[in-house]
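Below, each chain spelled out in residue letters.
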Amino acid sequence: GNGVLLTALPETIDYTGLDFSQVLISKAQSHFSGPNIRFLLADIAKQSTWQDLLTYDFIAALAVFHHLSTPDDHLKLLRNMKQHLKKNGICFISVWNLDQPKFAQHQHPDNPRLFSIPFHGGPKRDFYAFEPDELTSLAKQADFTNIIPSQKVKNLYLRLG
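Residues numbered from 1 in each chain as written. Predicted model: local features only at pLDDT ≥ 70, side-chain atom pairs only at ≥ 80, totals over all residues. Heavy atoms only, no water.

A word on the pattern of salt bridges
How we decide: The term salt bridge refers to a side-chain nitrogen of Lys or Arg lying within 4 Å of a carboxyl oxygen of Asp or Glu. Every helix listed is a DSSP run of H or I at least four residues long, and every strand listed is a run of E at least two residues long, numbered separately from the N terminus. For the exposure calls, accessible area comes from a 1.4 Å probe over protein chains only, and a residue counts as buried if that area is under 20% of its type's maximum, exposed if over 50%, partly exposed in between.
Counted according to the given criterion, the structure contains four salt bridges. Taking the shortest distance from any N to any O, the salt bridge between Lys86 and Asp57 comes out at 4.0 Å. Here the residue Lys86 occupies a position in strand 4 (residues 85-94), and Asp57 occupies one in strand 3 (residues 56-62), the gap between them amounting to 29 residues. Accessibility expressed as a relative area gives 36% for Lys86, which makes it partly exposed.

What follows is the structure, encoded as structure tokens:
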């Protein structure tokens, strides 16, 4: 993304941000810099992206999972995230709530969980709508424990212990 998560983190943090959008990486680089901050142009859905990454105390996937179109893709990403978390590491996942009337017109006729929505006035992008407990179920399949689902929105807080 655009690196805005850094505004909520301590300045002394070692930070690696990933996105497959050069536009967002460039925005992040223009707003945030430092010896312990790096941004990588990469697609986290590709296994090759994870090969050279370290292990981390905290991994955030903010507005990421709903861009992947299948539960298999979600599960693969969760497993990669778990593999790259340190012992007692924390993972936070946030997805958009597409279960809103304003999105109904963008729902695919053949699959009610897929939406094709114009993004910022540009071309349509595909989005996946999660069922209420689906992320929790996928996290369990990826062998996460200490799963804390949000009761009001479809977000997860995962802690490895």
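Moving on from the coordinates now.
What to know about the side chain of His74
So the rule is basically this: Residue contacts follow a heavy-atom distance rule, with two residues in contact if any of their heavy atoms lie within 4.5 Å.
Its place among the elements puts His74 in helix 3 (residues 71-83). Overall, the relative accessible area of 0% leaves His74 in the buried class. Sequence-distant contacts of His74, defined by excluding residues within four places in its chain, comprise Phe65, Leu68, Tyr128, Phe130 and Leu138.

Side note on helix 4 (residues 134-141)
Along helix 4, the positions that sit buried rather than exposed are Glu134, Leu135, Thr136, Leu138 and Ala139. A positive backbone phi angle near 70° is found at Asp143, which sits one or two residues after helix 4.

Section: the layout of surface pockets
Short version of the rule: Detection works on a 1 Å grid of protein atoms alone, calling trapped sets that fit a 1.4 Å probe cavities and calling open sets with protein on both sides within 12 Å along at least five of seven lines pockets, with lining residues defined by an atom within 4 Å of a point. Grid points are joined across faces, edges and corners, and a volume is the space filled by probe spheres set on the points. Note on residue classes: Ala, Val, Leu, Ile, Met, Phe, Trp, Tyr, Cys and Pro are nonpolar, Asp, Glu, Lys and Arg are charged, and everything else, Gly too, is polar.
Space inside the largest pocket adds up to approximately 1,400 Å³. Every element with two or more residues in the lining of the largest pocket is listed here: strand 1 (15-19), helix 1 (22-31), strand 2 (37-41), strand 3 and helix 3. Residues of the lining of the largest pocket, tallied by class, amount to 29 nonpolar, nine polar and seven charged.

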